[in-house]
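Here are the chains, one letter per residue:
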Amino acid sequence: DDDDDDDDLLGGAPKMTRDNYPVGWDGQPLPLWLYKLHGLGVEYACEICANASYFGRKNFDAHFSEYRHSQGLALLGCESSPAYHGITAIEDALALKQKLDKDRAARTWRPEDEEEYEDSDGLVYSRRVFEVLRTQGLV
């Protein structure tokens, strides 16, 4: 009985009775409309979580904040962040990591492009423009 609780926590398949009918938390059969409403018949697989299967969209969405998914991302060298929500394929996670690293590198401060200088009149120029004006003797 303890193993069954662990399966539910990990998003395992819903419990079934001997008549192959889904059972709720209280051991009573779930109404079919409720079973379909929660999508418990739909299986979602996550390659990052060692091909674990999750039944129902609610379980699937909840697993992105769980330890298993975070650990899988960490093994790939990715930080667990909201950007990785919905990513289940290893190839997609690595591609997103490269894109995020590229974006982060583009946002870093580069003195040659962003450094500013002020002349004696109080006008502010970028480093590149200031150097050109100084070599021409205009500043």
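One can find the structure itself at the top, above this paragraph.
The structure contained in this document is the topic of the report that follows.

What counts as what
- Residues numbered from 1 in each chain as written.
- Predicted model: local features only at pLDDT ≥ 70, side-chain atom pairs only at ≥ 80, totals over all residues.
- Heavy atoms only, no water.
- Helix = DSSP H or I, 4+ residues; strand = E, 2+ residues; numbered from the N terminus.
- Buried < 20%, exposed > 50% of the residue type's maximum accessible area, 1.4 Å probe, protein only.
- Contact = heavy atoms within 4.5 Å.
- Pairing = 2+ DSSP bridges.
- Phe/Tyr/Trp six-rings, centres within 6.5 Å; stacked < 30°, edge-to-face > 60°.
- Lys NZ or Arg CZ within 6 Å of the ring centre and 35° of its normal.
- Core = buried A, V, L, I, M, F, W, Y, C linked by side-chain atoms within 4.5 Å.
- Polar contact = N/O pair within 3.5 Å; in protein donor to acceptor, adjacent residues only side chain to side chain.

## Considering the overall build of the protein chain
So, step 1. When helices and strands are tallied, the protein chain shows seven helices and four strands.
So, step 2. Element order for the protein chain, N to C, with α for helix and β for strand: α-α-β-β-α-α-α-α-β-β-α.
So, step 3. Counting all 139 residues of the protein chain, 24% fall into the buried class.
So, step 4. Of all intrachain contacts in the protein chain linking residues separated by at least 6 positions in sequence, the fraction that spans at least 24 positions is 21%.

## Considering the pairing of strand β2 (residues 52-55)
So, step 1. Taken together, the four bridges between strand β1 (residues 43-46) and β2 define a ladder with antiparallel strand orientation. Bridge pairing in β2 places cysteine 46 opposite alanine 52.

## A closer look at the packing of aromatic side chains
So, step 1. Applying the stated criterion to the full structure yields three aromatic pairs.
So, step 2. For the ring pair tyrosine 44 and phenylalanine 60, a centre distance of 4.8 Å and an interplane angle of 20° mean the geometry is stacked. With tyrosine 44 in strand β1 and phenylalanine 60 in helix α3 (residues 57-62), this pair connects stretches of sequence that are 16 residues apart.
So, step 3. Here tyrosine 44 falls in the partly exposed class, since its relative accessible area comes to 22%.
So, step 4. When its relative accessible area of 6% is taken as the criterion, phenylalanine 60 is described as buried.
So, step 5. With 5.0 Å between their ring centres and 10° between their planes, tyrosine 117 and phenylalanine 130 make a pair best called stacked. Here the residue tyrosine 117 occupies a position in strand β3 (residues 116-118), and phenylalanine 130 occupies one in helix α7 (residues 127-135), the gap between them amounting to 13 residues.
So, step 6. For phenylalanine 130, a relative accessible area of 11% translates into the label buried.
So, step 7. One Lys or Arg, arginine 57, reaches over the ring of tyrosine 44 and ends 5.4 Å from the middle of that ring.

## Thoughts on the nonpolar core
So, step 1. The biggest cluster of nonpolar side chains holds 13 residues, and the ones touching the most others in it are Ile48, Tyr54, Leu73, Tyr84 and Ala93.
So, step 2. Elements supplying a minimum of two residues to this core: β2 and α5 (90-107).
So, step 3. Once residues lying within four places of it in the same chain are set aside, the contact partners of alanine 93 are Ile48, Leu73, Leu76, Cys78, Tyr84 and Ile87.

## Quick word on unusual backbone geometry
Note on backbone geometry: most residues besides glycine have negative phi, and most peptide bonds are trans.
So, step 1. We note that alanine 50 has phi near 60°; this positive angle belongs to a residue other than glycine.
So, step 2. As for its placement among the helices and strands, alanine 50 is situated in the loop between β1 and β2.
So, step 3. Of note, the phi angle at asparagine 51 is positive, near 60°, even though the residue is not glycine.
So, step 4. Take asparagine 51: it is sitting in the loop between β1 and β2.

## Here's the deal with the side chain of histidine 69
So, step 1. Tracing the backbone shows histidine 69 in helix α4 (residues 67-76).
So, step 2. In this structure the side chain of histidine 69 is engaged in a polar contact, spanning 3.2 Å, whose partner is the side chain of histidine 63.
So, step 3. Other than its neighbours up to four places away in sequence, histidine 69 contacts Cys46, Ile48, Cys49, His63, Phe64, Tyr84 and Ile87.

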